[in-house]
Amino acid sequence: MSSSTTLRINSATFTDELLATNDLSAYYGVRKAVGNVSIVFQRRAITALIGPSGCGKTTLLRCFNRLHELSFEARVEGTVLLDGEDIYVNDADPMAIRRRIGMVFQRPNPFPTLSIVENTMAYGGRGLTRAEKFERAERALRAAALWDEVKDKLKSSPLRLSGGQQQRLCIARAIAAEPEVLLMDEPTASLDPIATAVIEELMASLAEQFMIVAVTHNMQQAARVSDVTAFMLADETGVGRLIEVDETAKLFTKPADRRTEDYITGRFG
Amino acid sequence: MRNQHLGRRRIYATLGTLLALCCAALGAAALLAILGYVVVQGIGVINWTFLTQLPTPVGVPGGGVGNGILGTLIIIGIATAMALPIGLLTGIYLALFGRGSIPEALRFLSDVLSGVPSIAIGLFAYAVLVAPLKHFSAFSASFAFMMLMLPLLVRTSEQAIRSVPQTVREGALALGMSNFRATWRIVLPTARPAIITALLLAIARVTGETAPLLFTAFGSQFWETNPNSPMAVLALQVFNYAISPYPNWQAQAWAGAFVLVFAVFALSLGARLALRRAMRGFEA
Amino acid sequence: MTADPQFRRLARFVSPADRGFAAIVYAGSILFALLIVALFVELVLGSWPSIVKFGPSFIWNSAWDPVNSKFGALPMIYGTVVTSLTAIALAAFVGIMAAVFLADFAPRWLAAPLSFLIELLAAVPSVVYGLWGLFILAPFVRTAIGPALQHALGWLPIFSGPIYGVGLLTGGIILALMIVPTVTAISRDVIAAIPRDLREASASLGTTKWETATRVVLPAARVGIFGACVLALGRALGETIAVTMVIGNRPEISASLFAPSYTLASVIANEFTEATTSIYISALIELGLILFLVSIVVNALARLMIWSVRGSGA
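Bear in mind that the values here come from a model prediction, so they are computed numbers and not experimental data.

**Remarks on the overall build of chain C**
Okay, so step 1: Each helix and strand in chain C was counted, giving 12 helices and two strands.
Okay, so step 2: A total of 314 residues make up chain C; the buried ones form 54% of that total.
Okay, so step 3: Only carbon and sulfur atoms are counted for the fraction: they give 68% of the accessible area of chain C, which is about 13100 Å².
Okay, so step 4: Distance from the positive charge centre (18 side chains) to the negative charge centre (15 side chains) of chain C: 7 Å.

Structure below.
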C-alpha cells in the first residue's frame, strides 16, 4: 500500500474537492514513471505541477484524462477519483471521462482539415442543434480571448493563425466541450513572451469556470498564475514522486521540504 | 610521391565522371527514345474514330479501341472499389496497432505480394474466378488488378496515417472522441492527400498491366459493360495487335500504346502534383 | 486496483461505435492476409497434378511437349536466368554509374530532371516496352548490334550463330531498361545516405572526387547497392509481356545470346489459353508456382540487404 500519506492542503479557502488520486502509479511496461502519488485538487483553483524534466509531471497529467494508456505497454495502478468516482473502474468509459476532463497540449494542435469554427465544434455534442453548437463555439472563443481576432474568418484554416492564436483556439476547442477540469501540459512552452502573457491572463479568467491543472517548466509562471503548486521529483530509481503540495505563496516562500527549496532556489533542475 | 601520378589520376577521374554521366544520360535517352517512337508512330493514327469505335476485322480500314478504353475504365473501377477499402483498413490496422508479431506478419505478407509476378497473380484469379465459373470475365481481371494494387495501398495508407502527428490524434481523443470518430473525422482526412496519391499511383501501375488479362478478361470484339463476361482491355489490344502480322493493326498498336503512356504519365504526374499542393496547404 | 493488461487493450474500443470500427478494421486486415495465403494455396493446388506426375524432374527435364504431355521446365528456366542475368549485368553497370553521377557529381539543376527521367522509365507499361522492343530494338539488334558483336567477338559461343533480332540478347536489353530505374533510384538513395564525413576524410587525403566515389563511397554502400540489384533481378525474373514479345518463344537451350528462347513467364502467357489437357494447365501453373517461390526468396534477400543499410521503410 501507499507509503506516503495523502497530501492535503490545510487551508480554509480550499475545501471543494473535484479530482483526487490515491496511491497512483504509472508504468511504461516495467518502467515505473510515476510512483504512489496521492493528491487532492480543489475545484476552484489553478494547480501548477512543477519539477525538473523527467520527473513524471506530464505522465501524471495524462493519467487524469486516461491518455496515458494510449502509450505502448502503458499501465496504471491506484485510483483516480473524479467527483468521488474511480475513472479506472472496469466498465468506465474513457471517452466519457475525456469529455469531462479536457486537455491543452504543449504545442498547439488544431485539426488541420477543419476550419476554425469546426475545430471549436469538434467535441461532438450529440443532441445539440447546430445553432446551439455555434453558440457554444462563440462563447468558447470569447472565453479564450480569440473571438475578436477570428470572427471574420471562422471558416478559414487554423493553420493561418499565429502560434499564440492557435493555442488559444485549442483552449477554446477544449472548453467548448464544457468540461469540469482543464488539464494544461506546458501550454505556453512553444510561445513567445507576449503570447505567453495573453494565455496566462486567460488562465485566471478560465479558473472561474474550470478547475485547472497546469504542468509548467517555468517556476515564475507557476508563481504568477497558480493558487496551489505541487512539486514533483524523480527519485534515485527514476520514479517520479510527489514531494510537496501547498498554496503557491507558501510553497515559494517557505517550502516544507528541503528538496523543494533546492529546486525553487535554482540549486538544480 | 602522390603528385607524380596526379596527372594520370586526374585523367582517370575525368574519364570516370564522363562515363557516369553517359550512363545517366543513357537512361534518360532510352526513355526519350521510347517515348519519341510511341509519339511519332502513334499520333498519326489517333483520331476520334480510333478512340471511340469498335475494332474492325482484318483488312477493313478504320476501327478503333473504344471498347478497350471502356473496358479498362470498368475493370480498373471495380478493382479500385475492392482494393481501396481492404488496403485502407489494413493500413489503419497497421498504423493503430503498430508493433507486435501480427502487424509484422501482415507487413511481411504485403511485401511478399508486392514481389509476385503479375502473371502468377493472373493464374490465381484464373483459378478462383475463371475455372470454377467456366468463363472469362472482366471481374476476374479486376480481382487480379486488386491484388496488384493492394500492397501499394496498404503500405502508403499506413505511412500516411502514421505521418499524421501523434498530437493531432491525441487532441481528438482528448476531446472524448471514440477511436472511430477520431480516425474517420480527423486522422484520415489529414492523411487523405497522401492516400489519394497512392491510389493514383496504384491505378497508374495497373493501367499498363497486360499479363493477367490474358486469361481473365480475355478480350472481346464488342462493346461490353457486364463484368461477368469477357471484356476488351486496351493493353491487351495493344499486345494482340503488336504481335499480329497486319500493318494496320500494328499501327493501331502504336496508337494504343500512345494512349496508354499518356494515361499512365498523366496519372503519375497528377498524383505527384496533387501531393505537393496538398503538402503546401498543410504548412500554410 | 491493478488494471490488468487485457483490460487495457480493450479499453480503447469500449463504445459501440468503436467496437464496430474495430470489427471492420480487423475484418479488412484478415481478408488481406487470407487473399495472400489463398494465392499460395491456389498455386499449389493447381500445380499439384503436375507436381505429382513429374516430381522434381520437372525442373531439369528439357522436353516441352504438350502433344505427348511431357513437360520439362529446363529451357524456360534457362531462358529466364539468361535474360535476367544479362539484364542485371547491363542494368547494374549503367544504373550504379548513373547513381554515382546523380548522387555525387551532378549539379542540382541537372540531377533532379535526370533522376526524374530515369524514374519515368519505371512508369512505362510493359506492353509498350514490348512494342518498342519488337519494332525498334529487335531490328536494331539484327542489323547493327548483333553483327557488330559477332564481328568483334564472334569467337565467343554467346555471340555465335544466326541473328534473328528477337532472342535472349534483345530480351536482356529490354529487361535491363525496365529495371535500370530500380537500380538507380535505390543505389542513389543508399549512396546519398553514406555520411558526409567519409567523403570529407577521403578528400582531405588529396584524392580526386572520382576516387572518393569509387574507392570509398561505393564500397561503403555495397550492401545496399547489392540489395538494389537483387531487387531489380527479382523484377526481371517475373517480367512477362515485354519479354514475350521479343524472346522468340522457342523452348530450346542454346549457347548463343542471339538465339530465340523461352522464359517461365512467356510460356504461361503464350500457351495458357491454348492449353487443352488438364495436365498441360497444371504444368503451366507449376511454372507460375516456381516463379512465385523464386520471387519470394529473391525479394526477401533483397529487402534484408537494403534494410540493413537504410533502416526500415525500404
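Following the structure, the description resumes.
**What to know about the pairing of strand β4 (residues 74-82) of chain A**
Residue and element names in this part refer to chain A.
Okay, so step 1: The pairing of strand β1 (residues 17-28) with β4 spans eight bridges and is classified as antiparallel. Counted as the bridge partner of Tyr28 is Ala74 from β4.
Okay, so step 2: Note that β4 and strand β5 (residues 85-86) share two bridges and pair antiparallel. Residue pairing across strands places Leu82 opposite Glu85, the latter belonging to β5.
Okay, so step 3: Counted between consecutive antiparallel strands, the loop separating β4 from β5 contains two residues, among which Asp83 sits at a positive phi close to 55 degrees.

**Here's the deal with the interface of chain A and chain B**
Okay, so step 1: Taken together, the contacts link 24 residues of chain A with 20 residues of chain B.
Okay, so step 2: Carbon and sulfur atoms supply 64% of the area that chain A and chain B bury against each other, a total of about 1800 Å² over both sides.
Okay, so step 3: Connecting chain A to chain B are one salt bridge.
Okay, so step 4: Where chain A touches chain B, the interface holds two residue pairs in polar contact (both at pLDDT 80 or more).

**Concerning the interface of chain B and chain C**
Okay, so step 1: The interface is formed by 76 residues belonging to chain B together with 72 residues belonging to chain C.
Okay, so step 2: In total, chain B and chain C occlude about 6600 Å² of area from one another, counting both sides; carbon and sulfur atoms represent 83% of this.
Okay, so step 3: On the chain B side of the contact with chain C, Leu31, Ile34 and Leu123 of chain B bury the most area, a combined 9% of that side's loss.
Okay, so step 4: Where Asp111 of chain B meets Arg303 of chain C, a salt bridge forms, and the shortest distance between an N and an O atom there is 4.0 Å.
Okay, so step 5: Linking chain B with chain C are three residue pairs in polar contact (both at pLDDT 80 or more), by the criterion used here.
Okay, so step 6: Among the secondary structure elements, those contributing two or more residues to the side of chain B that touches chain C are α1 (6-43), α3 (66-96), α4 (101-115), α5 (118-130), α6 (138-163), α8 (179-207), α9 (234-242) and α10 (247-282) of chain B.
Okay, so step 7: No other element matches α1 of chain B, which puts 19 residues into the side of chain B that touches chain C.
Okay, so step 8: By residue class, the composition of the side of chain B that touches chain C is 59 nonpolar, 14 polar and three charged.

**Some points on the pairing of strand β8 (residues 211-215) of chain A**
Residues and elements named next belong to chain A.
Okay, so step 1: Among the five residues in β8, five count as buried, and that is most of the element.
Okay, so step 2: Burial along β8 is two-sided: the face carrying Met211, Val213 and Val215 and the face carrying Ile212 and Ala214 are both buried.
Okay, so step 3: The pairing of strand β3 (residues 46-50) with β8 spans four bridges and is classified as parallel. Across the sheet, residue Thr47 finds its bridge partner in β8, namely Val213.
Okay, so step 4: As judged from the five bridges shared by strand β7 (residues 181-185) and β8, these two strands associate in the parallel manner. Bridge pairing in β8 links Leu182 to Ile212.
Okay, so step 5: For the crossover that starts at β7, traverses helix α7 (residues 193-206) and ends in the parallel β8, the hand is right-handed.

**Overview of the pattern of salt bridges**
Okay, so step 1: The final tally for this structure, using the stated rule, is 26 salt bridges over all chains.
Okay, so step 2: Across the pair Arg66 of chain A and Glu69 of chain A runs a salt bridge, and its minimum N-O distance is 3.1 Å.
Okay, so step 3: Exposure remark for Glu69 of chain A: the relative accessible area of 7% places this residue in the buried category.
Okay, so step 4: A salt bridge links Arg250 of chain C to Glu252 of chain C; the nearest nitrogen and oxygen atoms lie 3.9 Å apart.
Okay, so step 5: The partly exposed category is assigned to Arg250 of chain C, whose relative accessible area is 33%.
Okay, so step 6: Residue Glu252 of chain C is classed as partly exposed on the basis of its relative accessible area, which comes to 42%.
Okay, so step 7: One connected set of salt bridges, linked through shared partners, spans Arg43, Asp83, Arg100 and Glu180 of chain A.

**Some points on the confidence of the model for chain C**
Residue and element names in this part refer to chain C.
Okay, so step 1: On average, residues of chain C score 87 in pLDDT, and 93% of them reach the 70 mark or higher.
Okay, so step 2: Averaged pLDDT values over the elements of chain C bottom out at 38 in helix α1 (residues 5-10) and peak at 94 in helix α10 (residues 241-246).
Okay, so step 3: Note on residues 1-11: pLDDT under 50 across the span, and 21 contacts to partners over four residues away in sequence or across chains.
Okay, so step 4: Predicted as a complex, the structure gets a pTM of 0.87 and an ipTM equal to 0.90.

**With respect to the packing of aromatic side chains**
Okay, so step 1: Applying the stated criterion across every chain, the model contains 22 aromatic pairs over all chains.
Okay, so step 2: Judged by centre distance (6.3 Å) and plane angle (85 degrees), the ring pair of Tyr126 of chain B and Phe215 of chain B falls under edge-to-face. Here the residue Tyr126 of chain B occupies a position in helix α5, and Phe215 of chain B occupies one in the loop between α8 and α9, the gap between them amounting to 89 residues. Each member of the pair Tyr126 of chain B and Phe215 of chain B is classed as buried.
Okay, so step 3: Between Tyr246 of chain B and Trp249 of chain B, the ring centres sit 5.3 Å apart and the planes meet at 85 degrees, which makes this aromatic pair edge-to-face.
Okay, so step 4: Residue classification places Tyr246 of chain B among the partly exposed residues on the basis of a relative accessible area of 35%.
Okay, so step 5: Cluster of aromatic residues (ring-pair linked, three or more members): Phe54, Phe58, Trp64, Phe71 and Tyr280 of chain C.
Okay, so step 6: Lying across the ring of Tyr27 of chain A, Arg75 of chain A places its NZ or CZ 4.2 Å from the centre.

**Considering the packing of helix α6 (residues 126-153) of chain C against helix α7 (residues 168-193) of chain C**
All names here are of chain C.
Okay, so step 1: Packing of α6 against α7 brings their axes to within 9 Å, and their N-to-C directions diverge by 130 degrees. Here α6 is positioned oblique relative to α7, judged by the angle of their axes. For the element pair α6 and α7, the recorded crossing hand is right-handed. For the pair α6 and α7, the contacting residues are Ser126, Tyr129, Trp132, Gly133, Leu137, Ala138, Val141, Ile145 and Leu149 in the first and Leu169, Thr170, Ile173, Ile174, Leu177 and Met178 in the second.

Rules behind the numbers
Residues numbered from 1 in each chain as written. Chains lettered and ligands numbered in written order. Predicted model: local features only at pLDDT ≥ 70, side-chain atom pairs only at ≥ 80, totals over all residues. Heavy atoms only, no water. Helix = DSSP H or I, 4+ residues; strand = E, 2+ residues; numbered from the N terminus. Buried < 20%, exposed > 50% of the residue type's maximum accessible area, 1.4 Å probe, protein only. Areas by Shrake-Rupley, 256 points an atom, 1.4 Å probe, with all protein chains shown as cover. Lys, Arg positive; Asp, Glu negative; His and termini not counted. Charge placed at Lys NZ, Arg CZ, Asp CG, Glu CD. Pairing = 2+ DSSP bridges. Contact = heavy atoms within 4.5 Å. Buried area = accessible area lost by both parts, 1.4 Å probe. Salt bridge = Lys/Arg side-chain N within 4 Å of Asp/Glu carboxyl O. Polar contact = N/O pair within 3.5 Å; in protein donor to acceptor, adjacent residues only side chain to side chain. Nonpolar A, V, L, I, M, F, W, Y, C, P; charged D, E, K, R; others polar. Right-handed = clockwise from strand over helix to strand, strands pointing away. pLDDT = per-residue confidence, 0-100. Phe/Tyr/Trp six-rings, centres within 6.5 Å; stacked < 30°, edge-to-face > 60°. Lys NZ or Arg CZ within 6 Å of the ring centre and 35° of its normal. Axes fitted to C-alpha atoms, helices over the stretch in contact; angles between N-to-C directions. Parallel < 35°, antiparallel > 145°, perpendicular 65-115°, else oblique. Left-handed = near helix turned anticlockwise from the far one by under 90°.

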